[in-house]
Amino acid sequence: QPGMRVLDFGAGIGSYAVPLAKKVGGSGKIWALTRSAVDAQFLYYSKGKNELNPLQVMIGLESHFDLDTEAQRRAFSKIDFVRIGVAESVAGLISRGARFFRENSPLVMFAIKSQDNSHLTGSVSRFKLLGYDTYRFVPGLPLLLPFAFDRELDGFALNLFACKKDKADLLEKQGLLIQKIELL
């Protein structure tokens with residue numbers, strides 16, 4: 001939405017960052033962390049070609065990014081949405097961003113697909129310790145529903161979402177999330 005503030009970790013060439021920058025407009029801000037200088041060049045090119053002033057490009061590895069330090073240094077405040085695009089980096093970013101996640105209440109989309117899905121339990125547990133519940137996306141609706149380990153994920157699912165109660169309440173009012181499913 002216009003005016004939103006977004007962090008995109010694992011931005012690559014901008015598959016998410018570029019369309020998000022178009023959506024947030026001049027009153028919003030996107031910080032995109034990409035791993036390589038080549039990917040950054042594509043992001044800078046897209047930024048210039050599409051006049052995406054809200055897009056700020058950062059180069060670095062998610063596995064070394066200290067979110068708590070960078071949040072202070074770069075004034076990452078009032079962040080509405082965080083995307084973590086590399087499954088193996090999720091737990092580390094949560095750990096090195098514990099203060100950020102405690103003090104902010106973004107909707108977080110995090111990757112779950114990798115060669116070894118053992119990181120999934122750790123990521124969900126780390127978010128839970130910070131007061132975030134986890135949700136899965138239902139394609140075609142669009143709707144977020146509570147995630148439970150006892151229910152098998154769709155084989156095509158690439159991401160889960162996490163948010164605190166205040167963000168869940170807001171998304172539920174907008175018809176985008178259901179916090180509790182009661183089975184008859």
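This text follows the structure it describes.
Here's a quick rundown of the structure. None of these values were measured; they are calculated from a predicted model.

As a further point, take the overall build of the protein. A count of helical and extended segments in the protein gives seven helices and eight strands. Taken over C-alpha atoms, the radius of gyration comes to 16 Å for the protein, in line with the 16 Å a tight globule of 184 residues would show. Relative to its 184 residues, the protein shows a buried fraction of 46%. Roughly 10000 Å² of accessible area belongs to the protein as shown, and the carbon and sulfur atoms make up 54% of that amount. Taking the average location of the 24 positive side-chain charges in the protein and that of its 19 negative ones, the two points are 5 Å from each other.

Next up on the list: helix α7 (residues 165-173). Those residues of α7 that sit buried are K167, A168 and L171. For α7, the buried positions fall inside an angular range of 100 degrees around the axis, keeping them on one side. Where α7 is buried, its residues meet β5 (107-111), β6 (133-138) and β8 (159-163). Once α7 ends, the next one or two residues include G175, with phi positive near 75 degrees.

Take the packing of aromatic side chains next. Evaluation of the coordinates by the stated rule reveals eight aromatic pairs. A centroid spacing of 5.1 Å and a plane angle of 80 degrees characterise the contact between F100 and F101, whose relative ring orientation is edge-to-face. Each member of the pair, F100 together with F101, is buried.

Below, the discussion takes up the environment of Y45. Tracing the backbone through its elements, the reader meets Y45 in helix α2 (residues 37-49). Considered as a pair, Y45 and I13 are 32 residues apart in the sequence and their alpha carbons are 9.8 Å apart.

Moving on: the nonpolar core. Core analysis: the largest hydrophobic core is formed by 30 residues, its most contacted members being L7, F9, F76, F100, V108, F110 and F127. If we skip the residues at most four places from it in the chain, V108 touches V82, I84, F101, F127, Y132, L160, F161 and A162. Within the second largest apolar cluster, 23 residues are counted, among which are I30, L52, Y135 and L177.

Bringing the pattern of salt bridges into the picture now. Inspection of the entire model under this criterion finds five salt bridges. R74 serves as the salt-bridge partner of E70, at 2.6 Å between the closest nitrogen and oxygen. E70 sits in the buried class, given a relative accessible area of 14%. Residue class for R74 comes out partly exposed when judged on its relative accessible area of 30%. The partner of D169 in a salt bridge is K165, and the shortest N-O contact between them spans 2.7 Å. Of this pair, D169 and K165 both sit in helix α7, four residues apart, roughly one helical turn. By relative accessible area, D169 is classed as partly exposed at 30%. Within the structure, one salt-bridge network assembled from shared partners comprises E70, R73 and R74.

To continue, consider helix α6 (residues 119-129). Buried residues of α6: H119, L120, S123, V124 and F127, and no others. What you see down the axis of α6 is that its buried residues fit within an arc of 130 degrees, all on one side. Away from its buried face by more than 90 degrees, α6 exposes K128 and L129. Buried residues belonging to α6 abut α4 (90-95), α5 (98-103), β5, β6 and β8. Once α6 finishes, G131 follows within two positions and takes phi at roughly 90 degrees, a positive value.

Here we take up a nonpolar patch on the surface. A cluster of nonpolar residues, I13, V38 and F42, forms a patch on the protein surface that exposes about 280 Å² of accessible area. Within the secondary structure, I13 sits in the loop between β1 (5-9) and α1 (17-24).

The rules behind each value
- Residues numbered from 1 in each chain as written.
- Predicted model: local features only at pLDDT ≥ 70, side-chain atom pairs only at ≥ 80, totals over all residues.
- Heavy atoms only, no water.
- Helix = DSSP H or I, 4+ residues; strand = E, 2+ residues; numbered from the N terminus.
- Rg over C-alpha atoms; globule rule 2.2 N^0.38 Å.
- Buried < 20%, exposed > 50% of the residue type's maximum accessible area, 1.4 Å probe, protein only.
- Areas by Shrake-Rupley, 256 points an atom, 1.4 Å probe, with all protein chains shown as cover.
- Lys, Arg positive; Asp, Glu negative; His and termini not counted.
- Charge placed at Lys NZ, Arg CZ, Asp CG, Glu CD.
- Arc of directions from axis to C-beta.
- Contact = heavy atoms within 4.5 Å.
- Phe/Tyr/Trp six-rings, centres within 6.5 Å; stacked < 30°, edge-to-face > 60°.
- Core = buried A, V, L, I, M, F, W, Y, C linked by side-chain atoms within 4.5 Å.
- Salt bridge = Lys/Arg side-chain N within 4 Å of Asp/Glu carboxyl O.
- Patch = residues over 30% accessible without salt bridge, like charges linked within 9 Å, V, L, I, M, F, W, Y side chains within 5 Å.

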